[in-house]
Structures are given as C-alpha cells and as structure tokens.
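Structure at a glance
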Amino acid sequence: MVEAKRAEIARNDYAIGDHVRILPTPGHTPGHVAFTFGRGKDDAVFSGDLMHSPLQTRYPELSVKFDVDQAQAAVTRRNFLERYCDTDTLCCAAHFPSPSTGKIRRLGNGFSCETVAS
C-alpha cells in the first residue's frame with residue numbers, strides 16, 4: 001500500500017468508513033489507540049491497553065509500570081472515562097477479568113465498569 005501511494009497515516013482521531021474510528025489514547029505506549037464502533041455515535045469502544053485493571057476505572061490516576069508516560073496515561077484514562085460515563089456505549093476492556101465488557105458509570109470521584117446482563 002505504501003509503495004502504491006495508497007496508504008494514509010492516521011495521527012489523530014480518524015474515521016474508517018462510517019462505522020469505525022481510531023481514537024488516540026496517549027500515555028501507555030507510543031501511538032496507542034482505542035477503536036470505536038457505531039454509526040453516528042459510539043456504540044462500542046475497545047480500550048486496548050488504556051486500562052489493565054478495574055481498579056483503574058475506580059482510580060484513573062493509578063498507572064501501571066508499562067505506561068511510558070504515567071501522568072499522560074492518567075489524564076487520558078480520566079478523559080476517556082468521562083467521555084463514556086453514563087452513556088450507552090459498551091466498553092470492552094481487553095485486560096479485565098471476564099466478563100470484560102460493561103457500561104462506564106460514575107462512582108464518587110472515579111468510575112466503575114458495570115457488567116451488562118446478557
């Protein structure tokens with residue numbers, strides 16, 4: 001694709017068609033992103049390595065040793081959680097124990113990821 005000059009470099013919030021968007025989530029590793037799915041709104045978001053434990057929803061400032069910029073990762077986590085808090089967006093957290101999907105809800109000064117009944 002690059003040789004054919006058909007590649008596009010995505011550096012910011014980037015849409016792929018009408019249903020998929022790349023959402024930058026800096027702080028964990030260089031170039032880290034989340035993926036959102038939905039038409040006109042985010043029906044689901046895959047957070048990737050943004051959060052490694054449900055504790056990080058309760059305490060977004062809690063970083064793991066793998067975050068290359070812990071301060072930026074904490075800001076990104078809090079912003080991400082604020083963005084999806086009390087919405088219908090399904091949050092899919094790769095590293096949470098099963099079930100690892102839920103809706104983000106406010107819990108004091110932090111958040112929780114409430115499991116969605118199947």
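The coordinates are above.
These lines cover the structure that appears in this document, whether it is placed above or below.

Quick notes on the rules
Every residue gets a number counted from 1 within its own chain, in the order that chain's sequence is written. Note on the predicted model: pLDDT of at least 70 is required for a residue's local features to be given, and 80 or more for side-chain atom pairs to be given and counted; whole-chain, interface and lining totals, by contrast, use all residues. Processing note: side-chain calculations cover all non-hydrogen atoms of the structure and skip hydrogens and water entirely. Strands are runs of DSSP state E lasting at least 2 residues, helices are runs of H or I lasting at least 4, and numbering of each runs from the N terminus. We compute the radius of gyration over the C-alpha atoms and compare it with the globule rule, which gives 2.2 Å times the number of residues raised to the power 0.38. The buried label applies to any residue whose accessible area, calculated with a 1.4 Å probe on protein chains only, is under 20% of its type's maximum; exposed applies above 50%, and partly exposed to all values in between. The contact rule is simple, with two residues in contact once any of their heavy atoms fall within 4.5 Å. Exposure was quantified through the Shrake-Rupley algorithm and a 1.4 Å probe, taking into account, for residues, occlusion by the shown protein chains and nothing else. Charge counting treats Lys and Arg as positive and Asp and Glu as negative, with His and both chain ends excluded. The atoms used to mark charge sites are NZ of Lys, CZ of Arg, CG of Asp and CD of Glu. Here the rule is simple: two strands pair whenever DSSP picks up at least two bridges between them. Geometry is summarised by axes, namely lines fitted to C-alpha atoms with helices restricted to the contacting stretch, and by angles between N-to-C directions that run from 0 to 180 degrees. A pair is scored as a salt bridge if a Lys or Arg side-chain nitrogen falls within 4 Å of a carboxyl oxygen belonging to Asp or Glu. Only buried residues count toward a nonpolar core, which is a set of Ala, Val, Leu, Ile, Met, Phe, Trp, Tyr and Cys residues joined through side-chain atoms within 4.5 Å. Surface patches are drawn from residues lacking salt bridges whose relative accessible area is over 30%; two like charges belong together within 9 Å, two nonpolar side chains (Val, Leu, Ile, Met, Phe, Trp, Tyr) within 5 Å.

Moving on to the overall build of the protein chain. Helix and strand counts for the protein chain come out as two helices and seven strands. Shown N-terminal to C-terminal, the secondary structure of the protein chain runs as helices and strands in the order β-β-β-β-α-α-β-β-β. A globule of 118 residues ought to have a C-alpha radius of gyration of about 13 Å, and the protein chain, at 15 Å, matches this closely. If you line up the protein chain on its principal axes, its C-alpha atoms span 50 × 35 × 25 Å. Burial statistics for the protein chain: of 118 residues in total, 36% are counted as buried. Contacts in the protein chain between residues at least 24 apart in sequence constitute 39% of all its contacts with a sequence separation of at least 6. Summed over all atoms, the accessible surface of the protein chain reaches about 7,200 Å², with 55% contributed by carbon and sulfur. Here the protein chain holds 14 positive side-chain charges and 14 negative ones, and the gap between their average locations is 0 Å.

For the rest of this paragraph, the subject is the sheet that holds strand β7 (residues 110-115). With respect to topology, seven strands assemble into an open sheet ordered β1-β2-β3-β4-β5-β6-β7, the strand pairing being mixed. Taken across any chain shown, the strands that pair with only one partner, and hence form the sheet edges, are β1 (14-16) and β7. Strand-to-strand twist in this sheet, taken as the mean axis angle between neighbours without regard to direction, amounts to 30°. When strand β2 (residues 20-24) meets strand β3 (residues 33-37), the two strands line up antiparallel, connected through five bridges. Across the sheet, residue Pro 24 finds its bridge partner in β3, namely Val 33. Of the strands in this sheet, β2, β3, β4 (44-46), β5 (90-92), β6 (101-107) and β7 touch helix α2 (residues 70-84), which is tilted by about 140° from β2.

Further remarks concern the pattern of salt bridges. Within this structure, the stated rule accounts for eight salt bridges. A salt bridge links Asp 42 to Arg 83, with the shortest nitrogen-to-oxygen separation between them at 3.9 Å. Taken together, the residues span a long stretch of sequence, with Asp 42 in the loop between β3 and β4 and Arg 83 in helix α2 at a distance of 41 residues. With relative accessibility at 15%, the residue Asp 42 sits in the buried group. Of the residues examined, Arg 83 reaches a relative accessible area of 39% and is grouped as partly exposed. Via salt bridges that share partners, Asp 13, Arg 21, Asp 42 and Arg 83 belong to a single interconnected network.

Quick look at the nonpolar core now. Formed by 15 residues in total, the largest nonpolar core has its most connected members in Val 45, Met 51, Phe 80, Leu 81, Tyr 84, Cys 91 and Ile 104. Every element with two or more residues in this core is listed here: α2 and β7. Here this core takes three residues from α2, the largest share from any one element. Among all residues touching Tyr 84, those that are not within four sequence positions of it are Arg 21, Leu 23, Thr 36, Asp 42, Val 45, Thr 89 and Ile 104.

Let us now look at a nonpolar patch on the surface. A cluster of nonpolar side chains, Ile 16, Phe 35, Phe 37 and Phe 46, forms an exposed patch at the surface whose accessible area comes to about 340 Å². Mapping Ile 16 onto the fold places it in strand β1. Taking relative accessible area as the criterion, Ile 16 reaches 42% and is therefore assigned partly exposed.

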